Structure formats: C-alpha cells, structure tokens
Amino acid sequence: MPKFQILKEGVNEAIIASTNQNIEHYLSQLFDEYEIVKVDDIYSFSFGTVTVCIRVVPWHSEDALVSVFSYLAENVTVSEEFAKELLHLNATIPFGSFGLSFDSVVFTYSLPASNLDFSEFSAAVQTVAYIADEYDEMVKEKGGIVTL
C-alpha cells in the first residue's frame with residue numbers, strides 16, 4: 001500500500017484565493033500592468049501571435065491547480081497523422097502538452113497551487129508562450145480530417 005494519502009474530493013477556496021493573489025504578484029514581476037488582461041479570474045497576455053491564459057482551478061480538497069494554456073488553432077479537424085505528430089511532440093517536450101479540445105488545439109502546462117513559487121510559475125508561463133508561438137502556424141497549416 002502506498003504511503004501517500006489518497007486525494008479527497010472537494011474544493012479548497014482558500015488555496016484558490018491565495019494562489020490568485022500570488023499569481024497577481026508574480027505577473028507584476030513579469031509584465032507591466034497594461035500587458036495583462038483579467039476576465040472572470042482568467043489572466044491573459046499576448047505573446048507573438050498567441051494569447052496565453054492563466055487560471056486557478058479546483059483539484060481536490062487539499063490543493064488547486066494553476067493552468068497555463070494557449071489555444072493554437074480553433075475550428076480545426078485533425079488527421080490521424082497530425083494527431084500522431086502532436087503525440088510525438090508531447091513525448092519530446094519536457095513540460096506541458098498539446099491537446100485537443102473539441103475543434104481546437106491547445107498547449108497546456110499545469111502546476112499544483114499550494115506550493116507554487118515564482119520560479120515554477122515563470123517557467124510555466126515562458127514555456128507555454130514559447131511553445132504556443134513556435135507551433136501555432138504549423139498547427140493551423142496541418143489541420144485535416146479526423147480519421148481516428
């Protein structure tokens with residue numbers, strides 16, 4: 001039997017609130033105030049040709065998640081070959097992953113919120129911004145018909 005505790009269902013509003021405060025502080029160190037937009041507890045900024053979003057979401061009763069993500073292309077259908085290419089990229093990129101959300105391709109990187117520090121947060125923001133901007137045109141060009 002493992003020595004770790006099994007995650008318990010629930011929402012920890014206190015961690016969500018304190019993490020949002022930390023994120024605002026961290027964002028002020030990375031950006032000027034005018035570069036960040038906040039709508040409904042989602043922070044966003046532009047980087048190259050993409051928009052990067054940050055939000056805190058419930059995970060379990062003891063923690064929450066910080067989700068840093070960017071939609072690379074919308075209204076895309078994905079061929080089997082292209083889906084395999086995204087999976088291969090996921091295997092080679094050390095942090096974060098490509099995913100499909102209905103008809104959109106997204107790159108996302110999630111971190112536990114309760115022990116979030118500036119270094120981890122900064123790395124997540126920079127990784128998502130760089131990868132999303134680097135691959136968004138390729139994703140838009142390779143959209144095809146879903147055959148999975």
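Going by the structure above, here's the rest.
Bear in mind that the values here come from a model prediction, so they are computed numbers and not experimental data. (Residues numbered from 1 in each chain as written. Predicted model: local features only at pLDDT ≥ 70, side-chain atom pairs only at ≥ 80, totals over all residues. Heavy atoms only, no water.)

### Quick notes on the packing of aromatic side chains
Then, number 1: Here the structure, examined in full by the defined rule, presents seven aromatic pairs.
Then, number 2: Summarising the aromatic geometry, the rings of Phe31 and Phe45 are spaced 4.4 Å apart at their centres and angled 40° between planes, so their arrangement reads as tilted. Linking Phe31 in the loop between α1 (13-30) and β1 (37-39) with Phe45 in strand β2 (residues 42-47), this pair joins segments that are 14 residues apart in sequence.
Then, number 3: A relative accessible area of 3% places Phe45 in the buried class.
Then, number 4: Members of the aromatic cluster, connected to one another through ring pairs, are Tyr26, Phe118 and Phe121. (Phe/Tyr/Trp six-rings, centres within 6.5 Å; stacked < 30°, edge-to-face > 60°. Helix = DSSP H or I, 4+ residues; strand = E, 2+ residues; numbered from the N terminus. Buried < 20%, exposed > 50% of the residue type's maximum accessible area, 1.4 Å probe, protein only.)

### Here's the deal with the environment of Trp59
Then, number 1: Mapped onto the secondary structure, Trp59 falls in strand β3 (residues 50-60).
Then, number 2: The partly exposed category is assigned to Trp59, whose relative accessible area is 41%.
Then, number 3: A C-alpha to C-alpha distance of 25 Å links Trp59 and Leu72, two positions 13 residues apart in sequence.
Then, number 4: Excluding residues that lie within four positions of it along the chain, Trp59 makes contacts with Leu7, Gly10, Ala64, Leu65 and Pro112. (Contact = heavy atoms within 4.5 Å.)

### Some thoughts on the pattern of salt bridges
Then, number 1: Taken as a whole and judged by the stated rule, the model has four salt bridges.
Then, number 2: In this structure, Lys84 engages Glu80 in a salt bridge whose closest nitrogen and oxygen atoms are separated by 3.6 Å. On the criterion of helical spacing, the pair formed by Lys84 and Glu80 is a turn pair, its members being four residues apart in helix α2 (residues 80-92).
Then, number 3: The class of Glu80 is partly exposed, set by a relative accessible area of 32%.
Then, number 4: Here the salt bridges do not stand alone but share partners, grouping Glu24, Lys38 and Asp41 into one network. (Salt bridge = Lys/Arg side-chain N within 4 Å of Asp/Glu carboxyl O.)

### Let's talk about the packing of α1 against helix α3 (residues 118-142)
Then, number 1: Close contact between α1 and α3 brings their axes to 11 Å; oriented N to C, the two are set at 65°. With respect to the hand of their crossing, α1 and α3 are arranged in right-handed fashion. In contact with Ile23, Tyr26, Leu27, Gln29 and Leu30 of α1, α3 contributes Phe118, Phe121 and Ser122.
Then, number 2: Here the residues of the contact of α1 with α3 are counted per class, giving six nonpolar, two polar and no charged. (Axes fitted to C-alpha atoms, helices over the stretch in contact; angles between N-to-C directions. Left-handed = near helix turned anticlockwise from the far one by under 90°. Nonpolar A, V, L, I, M, F, W, Y, C, P; charged D, E, K, R; others polar.)

### Topic: the sheet that holds β2
Then, number 1: The sheet built from six strands is open, its strands ordered β1-β2-β3-β4-β6-β5 with antiparallel pairing. Strands with a single pairing partner mark the edges of an open sheet, and in this sheet they are β1 and β5 (97-101). Adjacent strand axes in the sheet meet at a mean angle of 35°, parallel and antiparallel pairs treated alike.
Then, number 2: Sheet analysis places β1 next to β2, joined by three bridges and oriented antiparallel. Residue pairing in the sheet places Val37 in a bridge with Ser44 of β2.
Then, number 3: The strands touched by α2 within the sheet are β5 and β6 (104-112), with β5 carrying the most contacts at an inclination of about 145°.
Then, number 4: Packing against the sheet, α3 makes contact with β2, β3, β4 (63-73), β5 and β6, and its axis sits at approximately 25° to β4. (Pairing = 2+ DSSP bridges.)

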